[in-house]
Structure formats: structure tokens, C-alpha cells
Amino acid sequence: MSQTMLRDGAGRVYAFINTEPNGDQTIRPADGVPIGRYYKGMDMTMDLRSGRQIAKGNALMALVPPPVY
């Protein structure tokens, strides 16, 4: 599994994306639990908070926008 850190303009980490060997990805805020998942085989993104499909394709970045200071 690999992990990518998402950083804001000031260089602070605000979220993490974990990629599994099969290509599925999970996103979580820096201070929380996973909130979204991209399923590569189905090519869709799910919001784990509501259990609903939010996009066809990978839209994980839309679930955790960078903070505004």
C-alpha cells in the first residue's frame, strides 16, 4: 500500500490518499477516518459518510478541499 499526502499552499498536510495494490484508493482528512473510496474495477467514487456514489471515475479530491485560511 502506498500513501500520498495532500498539502495546502502553506505546505501543511490536510489529507491522505492510500492506494492499495489493486488500484483502489481511500481518502481521509489528516485528523479523521476515511471519508471516501475510489473503486478502480468499477471506476467510481463513493462517499463513505452517506454510502452514495458521487462520481464516475476518481473524484476523491473533491471530498476534502484544501483549508482556507
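Read on for an overview of the structure. Per chain, residues are indexed from 1 in the order of the written sequence. Per-residue local features are limited, in this predicted model, to residues with pLDDT of at least 70; the limit for side-chain atom pairs, both in listing and counting, is 80 or more; totals at the level of whole chains, interfaces and linings are taken over all residues. As a rule here, side-chain values come from all non-hydrogen atoms in the structure, and water together with hydrogens is ignored.

Turning next to the overall build of the protein chain. When its secondary structure is counted, the protein chain shows 0 helices and 6 strands. Mapped in sequence order, the helices and strands of the protein chain form the string β-β-β-β-β-β. It is over C-alpha atoms that the radius of gyration is taken, and the globule rule equals 2.2 Å times the number of residues to the power 0.38. For 69 residues, the compact-globule formula gives about 11 Å, and the C-alpha radius of gyration of the protein chain, at 12 Å, lands near that figure. Expressed along its principal axes, the backbone C-alpha trace of the protein chain runs to roughly 35 × 25 × 20 Å. Note on classification: 1.4 Å probe, protein chains only; a residue is buried when its accessible area is under 20% of the maximum for its type, exposed when over 50%, partly exposed between these limits. Looking at the protein chain as a whole, 39% of its 69 residues qualify as buried. Contact between two residues is taken to exist if any of their heavy atoms lie within 4.5 Å; hydrogens are not considered. Considering only residue pairs separated by 6 or more positions, the protein chain has 18% of its internal contacts joining residues 24 or more positions apart. For accessible areas, the Shrake-Rupley method is used with a probe of radius 1.4 Å. Any residue's cover is judged against the shown protein chains and nothing else. Total accessible area on the protein chain is roughly 4,400 Å²; 55% of this is exposed by carbon and sulfur atoms. Positive residues here are Lys and Arg, negative ones are Asp and Glu, while His and the chain termini are left out of the count. Throughout, a charge is located at the NZ atom of Lys, the CZ atom of Arg, the CG atom of Asp or the CD atom of Glu. Each charge class in the protein chain was averaged separately, 8 positive and 6 negative side chains, and the resulting centres sit 1 Å apart. Labels follow the DSSP assignment, with helices taken as runs of H or I lasting at least four residues and strands as runs of E lasting at least two, numbered in each case from the N terminus.

Turning our attention to the side chain of D8. Within the fold, D8 resides in the loop between β1 (2-7) and β2 (13-19). We note that D8 is buried and unpaired, the nearest opposite charge coming from R12 at a distance of 4.3 Å. Here the side chain of D8 touches A10 through a polar contact of 3.0 Å, landing on its backbone nitrogen. Salt bridges are defined by distance alone: a side-chain nitrogen of Lys or Arg within 4 Å of a carboxyl oxygen of Asp or Glu. The definition of a polar contact used here is a pair of N or O atoms within 3.5 Å, where within protein one atom must be able to donate a hydrogen and the other to accept one, and adjacent residues in sequence count solely through side-chain atom pairs.

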